[in-house]
Number of protein chains: 2
Amino acid sequence: MPRIRLAIDASGGDYAPDEIIAGAILGARQHPIELTLVGQSEQIEASLSRHAVDGLAIDIVDAPETIELDEDPTLAVRQKKDASIVVCCELVHEDHAEAVISMGQAGAGLAAALFTWGRLPGVDRPGLIVPYLGFRDTYLIDAGANTEVQPQNILQFAIMGSLYVERVIGITNPLIGLLSNGSAPNTGNAIGQQAYALLQASDLNFIGNVEGFALPQGLANVIVTDGFTGNIALKLGEGLVTGLLKQIEETDPANEQLATLVNQLQAQHDYANLGAAPVLGIDGLIFVGHRRSKAPAVAGAIGNAIRAVEGGLLNAIRDALKAA
Amino acid sequence: MPRIRLAIDASGGDYAPDEIIAGAILGARQHPIELTLVGQSEQIEASLSRHAVDGLAIDIVDAPETIELDEDPTLAVRQKKDASIVVCCELVHEDHAEAVISMGQAGAGLAAALFTWGRLPGVDRPGLIVPYLGFRDTYLIDAGANTEVQPQNILQFAIMGSLYVERVIGITNPLIGLLSNGSAPNTGNAIGQQAYALLQASDLNFIGNVEGFALPQGLANVIVTDGFTGNIALKLGEGLVTGLLKQIEETDPANEQLATLVNQLQAQHDYANLGAAPVLGIDGLIFVGHRRSKAPAVAGAIGNAIRAVEGGLLNAIRDALKAA
């Protein structure tokens, strides 16, 4: 079996290029892969020179431009042909790599992938799937890619999410829940109620509507919703963890044991440590991570990307959508 | 000034009638009010006999029926004319009381109030306003009364919520935020974007779109959204607090100091301790609390009800909606 080849956006993220490159090397030591580091080549070389990379298959491709956080992603991707994220997607498109990993602007990653690869047949709304904080094996899709959806999109999120957690995370026959304002089948808004009927009629392991507490309590493996609600649920969770841990620390600021516990839990629930999340429904594999990601998150994303390639995730999704 | 008269649903809630009555007595000792306890009169008398009530103005009105948690609220309210919550609303309707407090089924409270009093002129969607857990002075409206809303409903939630936190909670010129999937004005779904324009054109102290973390971080005093999103945000918050505190406790189960801290925080964020929430937009004042509420929450609800009556909340809302 030929080695899996990954394109790493070395210019994306708050700690690029050093932490990205350190993470890439970590990943390359753990797995038999070929890496292409894409970004400002002089910077990459300088950063690489500080590591022992003997025996690792690491390439560099120069991409002098970067897309800033405040740029409109679609515009930027069309204008900056030499942006690292665009070049990464081109490498996959030209069959020099099987997947892209980026800790840069998530919107730009999504736009570059869509622009370069297009959607899978039958998909008009790709969805972002993320673990719900660091609680349990619960994943949320769509975590924010689509503000408005149709029932069919929610069904597709569920199909794609189910395959992702099965093939990449390793959860057999995952439980699928539809996020709603009640657990009864007739709760939810009009789109949700129609999505419920589609999910019920599907081959998925659908457990019905789940309420907000299902996310932290892990009552399903994949919780599906529109990207508006998903984005709010995601950011609410992040803010609440931070807020509650701060409250805990402030009860006894001099207590070092308590401070250590708070720091551990903060780290456990921090998206900067939770790897990178794929956008599902695009005709290619891209994993976008938090911009504060450091080396271990990059290495974690490499692991996920490898499992997605080895598990044939893209073809499995293509086939499942065709059959649905 | 005549004393404020409150109708208390003595049969509603998991700890009815004893905790409801204990809370009512606590409230009557703190404030110069007249209370009518509504429920099964023999039970109420038996419970009252265990307290010293000399000098307190407490009346009993017999209402032999109760609405159970699993009953359809609208049907139950129409069929059970002698249900305690229905009789409470009747008392206000017949000018024997100024407000109702109930820890019974929230849906039944809303249905009874709507059925007996009707909506305020111009309101087609009354909204439930709740404090967002026990963090700061941040209130969420609509916390779950309406699954589908129009932009105009969101504007009305904001107008009513602003008056509530100003007159009852005592926050001057409250900051109003619209819950969205980004902070920029052009984020949000179609309904939200239209609501943004209405809020922007209003006299409210509108700070624009706020993201999910604004709820626990207290970035606005009133955060408005539809009842679908609001319900999910509410239950997600409750579940996350419980989940995170459980994780903390499990790191060191034998640590009594940690267990005490966890219990304190759990209590601080528990809706059973957070008083009762009004449904705004109905032509009358009703405060519905968590069914696990005990005496201190009932007394807290009495304080809120008094401030709502004294502050002329209902007329203020009526006038503001007319002017909007």
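What counts as what
- Residues numbered from 1 in each chain as written.
- Chains lettered and ligands numbered in written order.
- Predicted model: local features only at pLDDT ≥ 70, side-chain atom pairs only at ≥ 80, totals over all residues.
- Heavy atoms only, no water.
- Axes fitted to C-alpha atoms, helices over the stretch in contact; angles between N-to-C directions.
- Helix = DSSP H or I, 4+ residues; strand = E, 2+ residues; numbered from the N terminus.
- Left-handed = near helix turned anticlockwise from the far one by under 90°.
- Contact = heavy atoms within 4.5 Å.
- Nonpolar A, V, L, I, M, F, W, Y, C, P; charged D, E, K, R; others polar.
- Pairing = 2+ DSSP bridges.
- Buried < 20%, exposed > 50% of the residue type's maximum accessible area, 1.4 Å probe, protein only.
- Right-handed = clockwise from strand over helix to strand, strands pointing away.

## Quick word on the packing of helix α6 (residues 151–169) of chain A against helix α12 (residues 313–323) of chain A
Residues and elements named next belong to chain A.
Here is step 1: Running from N to C, α6 and α12 point in directions that differ by 145 degrees, and their axes come no closer than 10 Å. The element α6 and its partner α12 pack so that their crossing is right-handed. Judged by residue contacts, Gln156, Ile159, Met160, Leu163, Tyr164, Arg167 and Val168 of α6 engage Leu313, Ala316, Ile317, Ala320 and Leu321 from α12.
Here is step 2: For the contact of α6 with α12, the class distribution of residues is 10 nonpolar, 1 polar and 1 charged.

## Here's the deal with the sheet that holds strand β8 (residues 206–210) of chain B
All names here are of chain B.
Here is step 1: Taken in spatial order, the 11 strands of this open sheet run β3-β2-β1-β4-β11-β10-β5-β6-β9-β7-β8, and their pairing is mixed. A single partner strand is all that each edge strand has here, and the edge strands are β3 (57–62) and β8. Taken over all neighbouring pairs, the strand axes of this sheet differ in orientation by 25 degrees on average, direction set aside.
Here is step 2: In this sheet, strand β11 (residues 285–289) lies alongside strand β4 (residues 99–102) in parallel orientation, the contact comprising 4 bridges. Within the sheet, the bridge partner assigned to Ser102 lies in β11 and is Val288.

## Looking at unusual backbone geometry
Residue and element names in this part refer to chain B.
Here is step 1: Cis peptide bonds are those with omega within 30 degrees of zero, and the linkage from Ala16 to Pro17 qualifies with -5 degrees.
Here is step 2: Residue position: Pro17 is located in the loop between β1 (4–9) and α1 (18–30).
Here is step 3: Here the amide bond leading from Ile141 into Asp142 is cis, since omega sits at 5 degrees, within 30 degrees of zero.
Here is step 4: Relative to the helices and strands, Asp142 is located in the loop between β6 (139–141) and α6 (151–169).
Here is step 5: Even without a glycine there, the phi angle at Asp95 is positive, about 65 degrees.
Here is step 6: Among the secondary structure elements, Asp95 is positioned in the loop between α4 (84–93) and β4.
Here is step 7: The backbone of Asn173 sits at a positive phi, close to 45 degrees, despite the residue not being glycine.
Here is step 8: Following the sequence through the fold, Asn173 ends up in the loop between α6 and β7 (176–179).

## Quick notes on the pairing of strand β7 (residues 175–179) of chain A
All names here are of chain A.
Here is step 1: Taking burial as the measure, the 5 residues of β7 include 4 buried ones, the bulk of the element.
Here is step 2: The sheet contact formed by β7 and strand β8 (residues 205–210) spans 5 bridges and is parallel. Directly across from Leu178, in β8, lies its bridge partner Asn209.
Here is step 3: For the segment spanning β7, helix α7 (residues 190–201) and β8, crossover handedness is right-handed.
Here is step 4: Bridge count between β7 and strand β9 (residues 222–224): 3 bridges; the pairing is parallel. Among the inter-strand pairings, Gly177 is bridged to a residue of β9, identified as Ile223.

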